[in-house]
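Residues per chain are reported as follows:
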Amino acid sequence: MTEKQTQDTLIKHWEMLCLIPKRKPGKSSAEISQMLEDRGYTFTQGRVQKALSKYVKFYHEFFPINQNEEEKPYRYYWDNDTPIFTLPGFDELTALAFHMAKDYLKPILPEATIET
């Protein structure tokens, strides 16, 4: 996987996590997939479902997402006491600015100052 593909995957997962509601009943993988598509990301319902299942089963300590199994399709939501982990003011334009700054500054700054 290239660095660009890794960055794209990270951004898609970040967006997906931001779309998960704080309360029940939550959102289904189909709803989240559609919301991602509306934002310009290609992330199929199956990929969303697989990613969310991994977060619920294996990464709950770090990403406390619950799966509401009271009805199908399953719906996902955050634990009530989950702290908000957004980056204030860090929208797409800010991300682009940081990316452009990194590209511009990389050749002129000492390598130790730009480690990724």
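A short tour of the structure in this document, coming up. A quick note: this is a predicted structure, and the numbers were derived from the prediction, not measured. (Residues numbered from 1 in each chain as written. Predicted model: local features only at pLDDT ≥ 70, side-chain atom pairs only at ≥ 80, totals over all residues. Heavy atoms only, no water.)

A few points about the environment of Q45
In step 1: Relative to the assigned elements, Q45 resides in helix α3 (residues 45-58).
In step 2: On a C-alpha basis, the gap between Q45 and S29 in space is 5.7 Å, while along the polypeptide they are 16 residues apart.
In step 3: Once you skip the residues sitting within four places of it in the chain, Q45 turns out to touch S29, A30 and S33. (Helix = DSSP H or I, 4+ residues; strand = E, 2+ residues; numbered from the N terminus. Contact = heavy atoms within 4.5 Å.)

Observations concerning the nonpolar core
In step 1: M16, I20, I32, L36, V48, L52 and I65 are the most contacted members of the largest nonpolar core, which totals 15 residues.
In step 2: Secondary-structure elements contributing two or more residues to this core are α1 (3-19), α2 (29-38), α3 and β3 (75-78).
In step 3: Of all the elements, α3 adds the most residues to this core, at four residues.
In step 4: With near-sequence residues (within four places) excluded, L36 lies in contact with K12, E15, M16, L19, Y41, F43 and V48. (Core = buried A, V, L, I, M, F, W, Y, C linked by side-chain atoms within 4.5 Å. Buried < 20%, exposed > 50% of the residue type's maximum accessible area, 1.4 Å probe, protein only.)

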